[in-house]
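Fold and geometry: a report
Okay, here's what each chain looks like letter by letter:
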Amino acid sequence: MFDVEMRYLQSGPDGAEMLASAFHPDVIVHEPKSLPYAGDWKGLEGVGALFRKMREIWSDVNVEGLQAAQNGDVVYMSCTISLVARANGATVRQPFAEVLRFRDGRLLEGTPFYYDTNEILSALG
């Protein structure tokens, strides 16, 4: 799923088929209200729109030290995320966690937890 997400972030607008390989058609991603891409992003079109919005804001997104634990259809993951603001080149590097629920091997629901959303907003200006 992360491989597909990262490839989509680097691809052009024609990557919708790529999303369907890792994301369930009824997927929903819950982004924090304080971020510029806040809200519930629903379905493949919604997740594609979220990733396009993130691509507008971040020129580079990297995940390091990914660790995961699974309990049934739920995966708890943690890593260090690095984000580079497209507008000014500011870099944010911080712990990140996410709770992921899968159905039929594809992401059905994702809830990310950013360590410090204020740092992210400050980097964006």
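This structure is a prediction, so every number in the text was calculated from the model and none was measured. (Residues numbered from 1 in each chain as written. Predicted model: local features only at pLDDT ≥ 70, side-chain atom pairs only at ≥ 80, totals over all residues. Heavy atoms only, no water.)

1. Section: unusual backbone geometry
Put simply, the rule is: Secondary structure elements follow DSSP: runs of H or I no shorter than four residues count as helices, runs of E no shorter than two count as strands, and numbering proceeds from the N terminus. In this scheme, a residue with accessible area under 20% of its type's maximum is buried, one over 50% is exposed, and one in between is partly exposed, where area comes from a 1.4 Å probe on protein chains only.
Even without being glycine, Asp104 reaches a positive phi, approximately 55°. Among the secondary structure elements, Asp104 is positioned in the loop between strand S5 (91-103) and strand S6 (106-114). For Asp104, a relative accessible area of 66% puts it in the exposed group.

2. Some words on the sheet that holds strand S2 (residues 39-42)
Quick reminder of the rule: Being paired, for any two strands, means DSSP has found at least two bridges between them. Lines are fitted to the C-alpha atoms to define the axes, a helix being fitted only along its stretch in contact, and any angle between axes, read from their N-to-C directions, falls within 0 to 180 degrees. By definition, residues are in contact when any of their heavy atoms lie within 4.5 Å.
Read across the open sheet, the 6 strands follow the order S2-S1-S6-S5-S4-S3; overall the sheet is mixed. The open sheet has two edge strands with one neighbour each: S2 and strand S3 (58-71). The sheet shows a mean angle of 20° between the axes of neighbouring strands, taken without regard to direction. Sitting on the sheet, helix H3 (residues 43-57) is in contact with strand S1 (23-31), S2, S3 and strand S4 (74-85), with an inclination near 45° to S1.

3. A word on the environment of Val47
Within the element layout of this structure, Val47 appears in helix H3. The class for Val47 is buried, based on a relative accessible area of 0%. Residues Val47 and Leu19, spaced 28 residues apart in sequence, show a C-alpha to C-alpha distance of 8.3 Å. Residues contacting Val47, with those up to four places away along its chain left out, are Phe23, Val27, Val29, Trp41 and Lys42.

4. Considering the nonpolar core
Rule in force here: What is meant by a nonpolar core is a set of buried Ala, Val, Leu, Ile, Met, Phe, Trp, Tyr and Cys residues, joined one to another through side-chain atoms within 4.5 Å.
In terms of nonpolar packing, the biggest core is built from 28 residues, with Phe23, Tyr37, Leu50, Phe51, Trp58, Leu83 and Ile120 touching the most fellow members. Within the residue set of this core, elements represented by two or more residues are S1, H3, S3, S4, S5, S6 and helix H4 (117-124). With 6 residues, S4 is the single largest residue contributor to this core. Ignoring sequence-local partners within four residues, the contact set of Tyr37 consists of Glu31, Leu50, Lys53, Met54, Ile57, Trp58 and Tyr114.

5. A closer look at the packing of aromatic side chains
Formally: Two rings belonging to Phe, Tyr or Trp (six-membered ring only in the last case) form a pair when the distance between their centres is within 6.5 Å. Interplanar angles under 30 degrees mark stacking, angles over 60 mark edge-to-face geometry, and anything in between is tilted.
Using the criterion set out here, one finds 2 aromatic pairs in the structure. Between Phe23 and Phe51, the aromatic rings sit 5.8 Å apart at their centres with planes inclined by 65°, giving edge-to-face as the arrangement. Separated by 28 residues along the polypeptide, Phe23 in strand S1 and Phe51 in helix H3 bring together distant segments of the chain. Phe23 gets classed as buried once you look at its relative accessible area, which sits at 1%. On the basis of an interplanar angle of 65° and a centroid distance of 5.0 Å, the ring pair of Phe96 and Tyr114 is categorised as edge-to-face. Placement of Phe96 in strand S5 and of Tyr114 in strand S6 is noted, with a sequence separation of 18 residues between them.

6. Some words on H4
Convention followed: Directions from the helix axis toward the C-beta atoms define the arc.
Of all the residues in H4, the buried ones are Thr117, Ile120 and Ala123. In a view along the axis of H4, the buried residues occupy a sector of 120°, so they form one face of it. In H4, the exposed positions that point more than 90 degrees away from the buried face belong to Asn118 and Ser122. Considering only its buried residues, H4 is in contact with S3, S4, S5 and S6.

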